[in-house]
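A closer look at the structure
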Amino acid sequence: MRLRTAAAGLFLALTACTTGPSLENRGEVTAPPGDSKHLTIGSAGFTESDLLAQMYAQLLNQAGYRTSLITVANRELYEPALESGQIDVVPEYAATFADWLNARTNGPDAAPVGSPDLTTTMRALRRLATPRGLTVLDPGRAVDQNAFAVTAAYARRHHLRTLSDLGASGLKVRLAAGDECVQRPYCEPGLKKVYGIDITGIDPKGVGTTQAKRAVQSGQDQMVLTTTTDATLDQFGLVLLADDRHLQNADYVVPVVNRARAGSERVTKALGKLNDVLTTADLASMNRQVDSWRRLAQDVARTYLRDKGLLK
């Protein structure tokens, strides 16, 4: 597997926007499914995206493709490159990508199309992706959503397992999160409206940062906004409360491919092997191995695929 560096992103920035489907052809599929022998796998540059890209590449290698990996940390660059065929496959998140494409297609003020319902979200995502020459493959079980954590001791003391439990408890909660949490419907407004949680204030320490977790660990705050694949919660004595009323959008992991270069059934079958095995807990475990144990993403991905019987 040949590796290219993030420096290639400069080339993408200069050329990616010139070769996608023309505006007059938007709304229809303009090319048959392709099956290029050499595929470029894109990563967004954070641990989980690197791991997914490595797994995609290794599965495609086994299926007979030559692959290259490239890191382009900005969606504004890698999505047009995916349309143009400079990148052939990327791991994405269903609801987030649907909303991003919707804003790009219909303007920044367009009403969101991502929702907590996976079927609705996938329908909207595919409707937006297809005219751009992109095919969204089926999601599996792994999901990386916003999530909320409290200390294990706090959860035991107040008998909390779900966000509904927290709302019913009447406890006052100071939340460590990004400052945008005050306005985002999945954050403070949603916690109040959907769960009846008494949020007394937002401590603007970011999403899942070390500082935010330490604030909850110390008792300065009672809850932290993080993600379902956070690999370090146990280091701070934290546990997730279940989003039992589905406040968060359906950010399931989905491979997105350039239809003209990687839309074949062979690619779909190779990447689809992950769907039956990869879980949210698996992703969290692999993130931990890279972030905390300092293992290489390529090695962690290979070990996982072999353990699951997907690589020889």
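Residues numbered from 1 in each chain as written. Predicted model: local features only at pLDDT ≥ 70, side-chain atom pairs only at ≥ 80, totals over all residues. Heavy atoms only, no water.

**Focus: the overall build of the protein chain**
What counts is decided by this rule: Here a helix means four or more residues in a row that DSSP labels H or I, a strand means two or more in a row labelled E, and each is numbered from the N terminus. The atom set for the radius of gyration is the C-alpha atoms, and the globule formula is 2.2 Å times the number of residues raised to the power 0.38. Only protein chains enter the accessibility calculation, which uses a 1.4 Å probe; a residue whose area is less than 20% of its type maximum is buried, one above 50% is exposed, and one in between is partly exposed. In this description, contact between two residues means that some pair of their heavy atoms is separated by no more than 4.5 Å. The Shrake-Rupley method, run with a 1.4 Å probe, gives the accessible areas here. Residue values count only the displayed protein chains as cover.
A count of helical and extended segments in the protein chain gives 13 helices and 11 strands. Against the globule reference of 20 Å for 312 residues, the protein chain gives a C-alpha radius of gyration of 20 Å, in line with a compact fold. Projected onto its principal axes, the C-alpha coordinates of the protein chain cover approximately 55 × 45 × 35 Å. The buried share among the 312 residues of the protein chain stands at 52%. Within the protein chain, counting contacts between residues at least 6 apart in sequence, those at least 24 apart form 77% of the total. Roughly 14300 Å² of accessible area belongs to the protein chain as shown, and the carbon and sulfur atoms make up 51% of that amount.

**Some words on the sheet that holds strand 8 (residues 198-204)**
Rule in force here: The pairing criterion for strands is at least two bridges between them, as found by DSSP. A fitted line through C-alpha atoms serves as each axis, taken over the contacting stretch for helices, and the angle formed by two N-to-C directions is quoted from 0 to 180°.
In spatial order, the strands read 8-7-9-6-10; together these 5 strands make up an open sheet with mixed pairing. Each edge of the open sheet is held by one strand with a lone partner, namely strand 8 and strand 10 (238-241). On average, adjacent strands in this sheet sit at an angle of 40 degrees to one another, irrespective of strand direction. Where strand 6 (residues 146-151) lies against strand 9 (residues 223-227), 4 bridges are found, and the strand directions are antiparallel. What sits directly across from phenylalanine 148, in strand 9, is leucine 225. Those strands touched by helix 8 (residues 188-195) are strand 6, strand 7 (172-177), strand 8 and strand 9, and its axis lies near 165 degrees from that of strand 8. Along the sheet face, helix 9 (residues 210-217) touches strand 6, strand 7, strand 8, strand 9 and strand 10 and points at about 145 degrees away from the line of strand 9.

**Focus: the side chain of glutamine 145**
Note the threshold: Counting of polar contacts relies on pairs of N or O atoms within 3.5 Å, with two restrictions inside protein: one atom must be capable of donating a hydrogen and the other of accepting it, and residues adjacent in sequence are counted only when both atoms are side-chain atoms.
Mapping glutamine 145 onto the fold places it in the loop between strand 5 (134-136) and strand 6. Side-chain polar atoms of glutamine 145 contact the backbone oxygen of asparagine 249, separated by 2.6 Å. Ignoring any residue separated from it by four or fewer positions in sequence, one finds glutamine 145 in contact with Thr226, Thr227, Thr228, Gln248, Asn249, Ala250 and Asp251.

**A look at helix 12 (residues 280-291)**
Note: α-helices contain 3.6 residues per turn, so residues at a spacing of three or four share the same orientation. As a reminder of what qualifies: A helix is expected to span 1.5 Å multiplied by its residue count minus one.
Compared with the 16 Å implied by 1.5 Å per residue over 12 residues, the 16 Å span of helix 12 between its first and last C-alpha is a close match. Taken residue by residue, helix 12 has Thr280, Asp282, Leu283, Ala284, Met286, Asn287, Gln289 and Val290 as its buried positions.

**Points about the side chain of glutamate 83**
You can see glutamate 83 is positioned in helix 3 (residues 75-84). We classify glutamate 83 as buried; its relative accessible area is 7%. Side chain to side chain, glutamate 83 and arginine 132 meet in a polar contact 3.0 Å long.

Keep in mind these numbers describe shape, not what the thing actually does.
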